[in-house]
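# Close look at the chain arrangement
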Amino acid sequence: MSLTFTKMQGLGNDFVVIDGISTPVHLDAERVRQIADRRYGVGCDQVLVAEPALGTTADFRYRIWNRDGEEVEHCGNGVRCLARFLIDRGLAPAATITLETVSGLTRVTPTDEGLMQVDMGIPVLEPAAVPFQAEAPAPLYPLVVEGETVQLGVVSMGNPHAVLRVDAVTTAPVSRLGPVIEHHPAFPNRANVGFMAIMGRDHIQLRVYERGAGETLACGTGACAAVAVGIINGWLEPRVQVDLTGGQLVVHWPGKDQSLWMTGPAETVFDGRLPAGEA
Ligand SMILES: N[C@H](CCC[C@H](N)C(=O)O)C(=O)O
């Protein structure tokens, strides 16, 4: 049976979104790679599937696969797009939507400005929970990478993130250090790698080399992770404008034991159909 999908993007981080509620969808790693391929498929950074909730507190289940075919725990730009998808298809009212992922619950609320505000939960700083190999939590961790020692902030937003502070994102060693840190043995499940320049106590610029996708134009969980690291290190105030290559997010973390909030856009690009027997 052919499979309909919606192509969406959040600040240029792009997705193939599939309704697995009306009709069950079964994707394997190879099929995800085919869909995500920018020459032989639709092309995207991640594939997102909405499914009926497994638990009783969520409205829907939200599954995410990176373009390399691996299923992962969370996607910040993706959750905004999935909420937009559910509302536009009449599967959810234009109000707060609770989504369950393998990493927990996420709540998305449309704003009056046409954006999506997301309760991203409490950033996890315990290294073992990221997971990251370290004795105890620290604001920064030294890590030897290609013979040099870099200072990393490490945090989980449900998915693992390493954050490096750089002087300027334009000259950050994204393509050189991104893949090396992504695959570093200290990160048993690999990691997303953010390169953050502090422009002011309420303003950063950020580039992210994503686990399983490479550098993307924007990374929502990466923006949240970078702000969390900046606040923990005393570099940032609780509310921060995050400038990514693809555009801006606003991230607000009012206190260490409170949820971190992210607000940004979610856009539909086109609807499409995959030929029968291909998903
Ligand atoms: N590459 C991420 C998943 C997508 C996250 C990103 N697209 C976002 O907006 O948060 C990971 O492997 O954890």
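Residues numbered from 1 in each chain as written. Predicted model: local features only at pLDDT ≥ 70, side-chain atom pairs only at ≥ 80, totals over all residues. Heavy atoms only, no water.

- Under an unreviewed UniProt entry, the name given to the protein chain is Diaminopimelate epimerase, and the organism recorded is Spiribacter salinus M19-40.
- You can read under Catalytic activity (unreviewed entry) in the UniProt record for the protein chain the words "(2S,6S)-2,6-diaminopimelate = meso-2,6-diaminopimelate".
- Regarding the protein chain, the UniProt comment filed under Subcellular location (unreviewed entry) reads as follows: "Cytoplasm". (UniProt positions renumbered as here; feature names shortened; annotations may be inferred.)

## Here's the deal with the pattern of salt bridges
- Going through the model one piece at a time under the given rule, you end up with 15 salt bridges.
- One salt bridge connects Arg-33 with Glu-30, and the closest N-O pair in it is separated by 3.3 Å. Remark: Glu-30 and Arg-33 occur in helix H1 (residues 29–36); sequence separation between them is three residues, near one turn of the helix.
- A relative accessible area of 40% means that Glu-30 is categorised as partly exposed.
- In this structure, a network of salt bridges that share partners links the residues Lys-7, Asp-14, Arg-38 and Asp-45. (Salt bridge = Lys/Arg side-chain N within 4 Å of Asp/Glu carboxyl O. Helix = DSSP H or I, 4+ residues; strand = E, 2+ residues; numbered from the N terminus. Buried < 20%, exposed > 50% of the residue type's maximum accessible area, 1.4 Å probe, protein only.)

## So, unusual backbone geometry
- The amide bond that connects Val-130 to the next residue, Pro-131, takes the cis arrangement and shows omega of -5°.
- Even without being a glycine, Arg-190 presents a positive backbone phi close to 65°.
- For Arg-190, the position within the fold is in the loop between helix H3 (174–182) and strand S12 (192–200).

## Remarks on the pairing of strand S10 (residues 148–156)
- Judged from the five bridges that link them, strand S9 (residues 141–145) and S10 form a sheet pairing that is antiparallel. Paired with Tyr-141 across the bridge in S10 is Leu-152.
- Here S9 folds back onto S10 in antiparallel fashion, the turn holding two residues, of which Glu-146 has a positive phi close to 55°.
- In this structure, S10 lies alongside strand S11 (residues 160–165), joined through four bridges in antiparallel fashion. Paired with Gly-153 across the strands is Val-163, a residue of S11. (Pairing = 2+ DSSP bridges.)

## Observations concerning the site of the ligand
- Among the 15 residues in the neighbourhood of the ligand, the closest are listed as Asn-66, Gly-76, Glu-210, Arg-211 and Thr-221.
- In this structure, a nitrogen atom belonging to the ligand sits 2.8 Å away from a side-chain N or O atom of Glu-210.
- Within the side chain of Thr-221, an N or O atom sits 2.6 Å from an oxygen atom of the ligand.
- Protein burial of the ligand: of its 370 Å² of free accessible surface, 100% is covered by the chains.
- Listing elements by their share of the shell around the ligand, those giving two or more residues are helix H2 (76–88) and helix H4 (220–232). (Near = heavy atom within 4 Å. Polar contact = N/O pair within 3.5 Å; in protein donor to acceptor, adjacent residues only side chain to side chain. Areas by Shrake-Rupley, 256 points an atom, 1.4 Å probe, with all protein chains shown as cover.)

## Let's talk about the state of the cysteines
- Summed over all chains, the structure comprises zero disulfides.
- With no disulfide partner, Cys-81 has as its closest neighbouring cysteine sulfur the one in Cys-75, 8.0 Å distant.
- Take Cys-224: it sits in no disulfide, and the sulfur closest to it among the cysteines is that of Cys-219, at 8.5 Å.
- Of the residues examined, Cys-224 reaches a relative accessible area of 0% and is grouped as buried. (Disulfide = S-S within 2.5 Å.)

## A short note on H1
- Those residues of H1 lying buried are Arg-31, Val-32, Ile-35 and Ala-36. The buried residues of H1 occupy an angular sector of 130° when projected down its axis, which confines them to one face.
- Packed against the buried residues of H1 are strand S2 (13–19), strand S3 (46–52), strand S4 (60–66) and strand S18 (267–274). (Arc of directions from axis to C-beta. Contact = heavy atoms within 4.5 Å.)

## Structural notes on the UniProt feature "binding site: substrate" (unreviewed entry) in the protein chain
- Here, UniProt's "binding site: substrate" (unreviewed entry) annotation points to Asn-13, Gln-46, Asn-66, Gly-76, Asn-77, Asn-159, Asn-192, Glu-210, Arg-211, Gly-220 and Thr-221.
- Structurally, Gly-76 can be placed in helix H2.
- Leave out the neighbours within four places in its chain, and Asn-159 touches Glu-73, His-74, Asn-192, Arg-211 and Thr-221.

## With respect to the UniProt feature "site: Important for dimerization" (unreviewed entry) in the protein chain
- The UniProt record annotates "site: Important for dimerization" (unreviewed entry) at Phe-270.
- By secondary structure assignment, the location of Phe-270 is in strand S18.
- Among residues more than four places away in sequence, those in contact with Phe-270 are Phe-5, Thr-6, Lys-7 and Val-42.

## Considerations on the domain arrangement of the protein chain
- The assigned domain composition of the protein chain is domain 1 (2–119 + 266–275) and domain 2 (127–258).
- Centre-to-centre, using C-alpha coordinates, domain 1 lies 24 Å away from domain 2.
- Each side of the interface is counted separately: domain 1 has 18 residues, and domain 2 has 20 residues.
- Taking both sides of the interface into account, the surface hidden between domain 1 and domain 2 amounts to around 1,200 Å²; carbon and sulfur atoms contribute 49%.
- Taken as a group, Leu-11, Glu-73 and His-74 account for 40% of the area that domain 1 buries against domain 2, more than any other trio of residues on that side.
- For the pair domain 1 and domain 2, the interface holds two salt bridges.
- Counting across the interface, domain 1 meets domain 2 through six residue pairs in polar contact (both at pLDDT 80 or more).
- Among the elements that take part in the side of domain 1 that touches domain 2, H2 stands out by supplying three residues, more than any other. (Domains from an automatic or database assignment. Buried area = accessible area lost by both parts, 1.4 Å probe.)

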